[in-house]
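# Chains, contacts and geometry: an overview
Each chain, letter by letter, is given below.
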Amino acid sequence: MKQAFLRKGKEDSLNRFHPWIFSGAIHHFSEQPEEGEVVEVYASTPNENGKDWDFKYIATGHFQIGSIMIRILSFSGEEIDEDFYKRKIAVALDVRKAIGVCQETGGDKECQNNTFRLIHGEGDNLPGLVVDVYGKTAVLQAHSVGMHTDRMMVAKAIKEVMGDKIENIYYKSETTLPFKADLGQENGFLIGGDKDDIAVENGLRFHVDWLKGQKTGFFVDQRENRALLQKFAKDRRVLNMFCYTGGFSFYAMRGGANLVHSVDSSQKAIDLTNSNVELNFPGDPRHKAFAQDAFKFLDEMKKGEYDLIILDPPAFAKHKDAVKNAMKGYSRLNQKAFEKIQSGGILFTFSCSQVITKDAFRTAVFTAAAHARRNVRILYQLHQPADHPINIYHPEGEYLKGLVLYVE
Ligand code: SAH
């Protein structure tokens with residue numbers, strides 16, 4: 001196996017089990033690895049005579065050209081084979097059993113939840129890999145070249161661990177891999193080929209477009225926050241902004257909302273939302289969907305038209321250098337909602353940008369409230385659910401944050 005040798009002192013973060021090695025930390029390779037290849041990492045220490053170096057094994061990981069050059073899979077010299085993935089997936093499944101999201105996996109008609117995240121990248125010690133389960137289908141997404149290379153091994157390991165609970169494994173990485181690596185990856189089934197599944201979440205049903213939809217087809221990470229919203233919905237007029245599949249809207253309808261308006265700039269998302277209305281509340285006149293830009297919609301709507309508003313925008317910042325503009329974006333968006341929401345209204349507001357910290361997001365919302373001159377109380381502070389766990393050594397894994405606010 002090819003070896004990577006670190007510069008002196010660059011092993012500190014690995015001693016703290018951080019799973020990334022940046023390009024600047026690497027002194028040299030025994031031989032230039034291919035992208036996606038598994039390499040062994042060695043720390044360099046000067047030996048007693050002070051001239052030569054000693055090398056100590058420290059980790060094994062996937063090599064990739066870029067700022068994060070090695071993503072660590074093991075700190076104990078394990079071989080990275082199908083058995084390795086089986087062990088990791090078995091632990092991940094055990095976690096999901098412990099938190100109670102997947103006892104009913106299998107997609108029978110009575111089941112209340114058949115949808116959960118099985119593998120959450122670094123959070124499950126498998127950097128670069130995301131796997132969501134929808135009934136009998138697992139959707140596998142590679143965010144690193146290494147996971148792309150290993151996809152068939154991963155698929156087989158999932159099938160072994162999950163048994164007949166999983167019949168189809170769909171690979172969906174066309175948009176998540178570095179295009180420079182020129183992998184020519186195509187979306188498609190690795191195992192099985194049944195396109196029929198419907199996600200069931202807390203008893204609500206959703207068409208999942210894992211063939212073309214965003215992420216793995218559905219935003220699994222809002223399950224608990226949607227359930228909380230239901231409790232606030234009775235007799236309210238609800239605006240679900242950035243609705244995508246309409247997730248929050250159906251919880252609001254089930255919670256007894258008077259009317260629910262779903263807005264998304266994508267016509268495809270609106271079509272998906274409308275088809276999900278037909279699945280859950282066929283012909284219910286309380287729901288309407290609008291394909292429109294959020295900022296425009298908020299500008300044009302009347303003051304006091306809604307008394308429960310959800311703002312769940314896409315990540316405004318994907319990189320650190322975009323943080324400043326993203327902060328402005330969150331402030332501007334939230335300010336518009338604060339200006340228009342009915343007195344006594346409830347605002348559910350979110351950020352899924354990993355580079356915007358919880359505190360920074362709170363500051364953006366604070367700024368918005370102050371500009372709108374509204375009296376605002378924080379009722380709940382929300383986050384990603386337990387099937388999107390955060391590796392304690394990788395705080396960067398915390399990405400979803402939200403606030404539930406009472407606006408006087
Ligand atoms: N709330 C959703 C997830 C939202 S994802 C859920 O619970 O599943 C973000 C959505 O914002 C996407 O569907 C995207 O099409 C939409 N979007 C992006 N920019 C927008 C804009 N300027 N105005 C309205 N919608 C937008």
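Use the structure listed above.
Okay, so let's go over this structure. (Residues numbered from 1 in each chain as written. Predicted model: local features only at pLDDT ≥ 70, side-chain atom pairs only at ≥ 80, totals over all residues. Heavy atoms only, no water.)

Another aspect to go through is the side chain of Lys 2. As for its position among the elements, Lys 2 is in the segment before β1 (3-6). Its relative accessible area of 17% is what places Lys 2 among the buried residues. In this structure the side chain of Lys 2 is engaged in a polar contact, spanning 3.5 Å, whose partner is the backbone oxygen of Gln 32. Here the side chain of Lys 2 touches Glu 37 through a polar contact of 3.3 Å, side chain to side chain. Contact partners of Lys 2, with chain neighbours within four places excluded, come to Ser 30, Glu 31, Gln 32, Pro 33, Glu 34, Glu 37, Val 39 and Glu 40. (Helix = DSSP H or I, 4+ residues; strand = E, 2+ residues; numbered from the N terminus. Buried < 20%, exposed > 50% of the residue type's maximum accessible area, 1.4 Å probe, protein only. Polar contact = N/O pair within 3.5 Å; in protein donor to acceptor, adjacent residues only side chain to side chain. Contact = heavy atoms within 4.5 Å.)

Core analysis: the biggest nonpolar cluster contains 34 residues, and Tyr 134, Leu 229, Leu 308 and Phe 348 have the highest contact counts within it. Looking at this core, the elements with two or more residues in it are β13 (204-207), α5 (223-232), α6 (247-254), β17 (308-311) and β18 (345-351). Looking at this core element by element, the count peaks at five residues for α6. (Core = buried A, V, L, I, M, F, W, Y, C linked by side-chain atoms within 4.5 Å.)

Under the defined criterion, the tally for this structure stands at 18 aromatic pairs. Considering the side-chain rings of Tyr 330 and Phe 361, the 5.7 Å spacing of their centres and the 85° angle between planes classify their relative orientation as edge-to-face. In this pair, Tyr 330 sits in helix α9 (residues 323-340) while Phe 361 sits in helix α10 (residues 358-372), placing the two residues 31 residues apart along the sequence. Judged on exposure class, the residue Tyr 330 and its partner Phe 361 are both buried. The cationic tip of Arg 226 hangs over the ring face of Phe 248; the distance from NZ or CZ to the ring centre is 5.7 Å. (Phe/Tyr/Trp six-rings, centres within 6.5 Å; stacked < 30°, edge-to-face > 60°. Lys NZ or Arg CZ within 6 Å of the ring centre and 35° of its normal.)

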